[in-house]
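Observations on the model geometry
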Amino acid sequence: MSTTSHRNQTCALLIIDMINDLEFHDGTLLFKHAYPVAEKIVTLKNRAKQHEVPVIYVNDNYGKWQSDFRHLVDHCLKKNVRGKPIAQLLQPDEHDYFILKPTYSGFFSTPLDLLLQHLKVNTLILTGIAGNMCVQFTANDAYMRDYKLLIPRDCIASNTTDANEQALHLMKNVLKADIRPSETISF
């Protein structure tokens, strides 16, 4: 398989809902699929950072309108929660951006589009959980805004492999997303 290069495009890496305590119904099921994905995302993030690709964490605010991203990170790192190992792997650094979203899409009622315009981004690399929910809703809205999409198949997870494969199929065929594995992406 050939390597996909995006040198002529300005891209950003979005990490969707991976800073998550996973303390909800089906959290155990999702963790089983999300942890191996987190390992792949860490590698992709490190490669992106080497090429000065902006990294943007896009996370739920869990309906807590007084929440902030740093508090969410601290909660996942310092409490004994199911998602702690993933948060430890994907801990943001001081140069990363973050967006809190009130619902599934990273674009709906957030400043994500403004941030991407400011960064002059035209290509998004979407990673995270759940592939068939928040990743897919964000991909839908990105496609409607004419962003090119890379959604590495090894960097998203859903509660089941079947649900994830269905989401990938839809994003590839309807949203024209490139779903090649993360190691084939060069910056």
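Scroll up to find the structure.
Residues numbered from 1 in each chain as written. Predicted model: local features only at pLDDT ≥ 70, side-chain atom pairs only at ≥ 80, totals over all residues. Heavy atoms only, no water.

Here we come to the packing of aromatic side chains. Following the criterion strictly, the structure yields five aromatic pairs and no others. Ring centres 5.1 Å apart and planes at 25° place the aromatic pair Tyr-104 and Phe-137 in the stacked group. With Tyr-104 in the loop between β4 (97–101) and α4 (112–118) and Phe-137 in helix α5 (residues 131–144), this residue pair connects regions lying 33 residues apart in the sequence. Under the relative-accessibility criterion, Tyr-104 is labelled partly exposed at 39%. Three or more aromatic residues joined by ring pairs form one cluster here, namely Tyr-57, Phe-69 and Phe-98. (Phe/Tyr/Trp six-rings, centres within 6.5 Å; stacked < 30°, edge-to-face > 60°. Helix = DSSP H or I, 4+ residues; strand = E, 2+ residues; numbered from the N terminus. Buried < 20%, exposed > 50% of the residue type's maximum accessible area, 1.4 Å probe, protein only.)

If you check helix α6 (residues 161–173), its first and last C-alpha atoms are 18 Å apart, about what 13 residues at 1.5 Å a residue would give, namely 18 Å. Here α6 has its buried residues at Ala-163, Asn-164, Ala-167, Leu-168 and Met-171. Angular distribution of buried residues about the axis of α6 spans 135°; they occupy a single face of the element. Set apart from the buried face of α6 by more than 90 degrees, the exposed residues are Asp-162, Gln-166 and His-169. Looking at the buried residues of α6, the elements they touch are α5 and β7 (156–157). (Expected span 1.5 Å × (residues − 1). Arc of directions from axis to C-beta. Contact = heavy atoms within 4.5 Å.)

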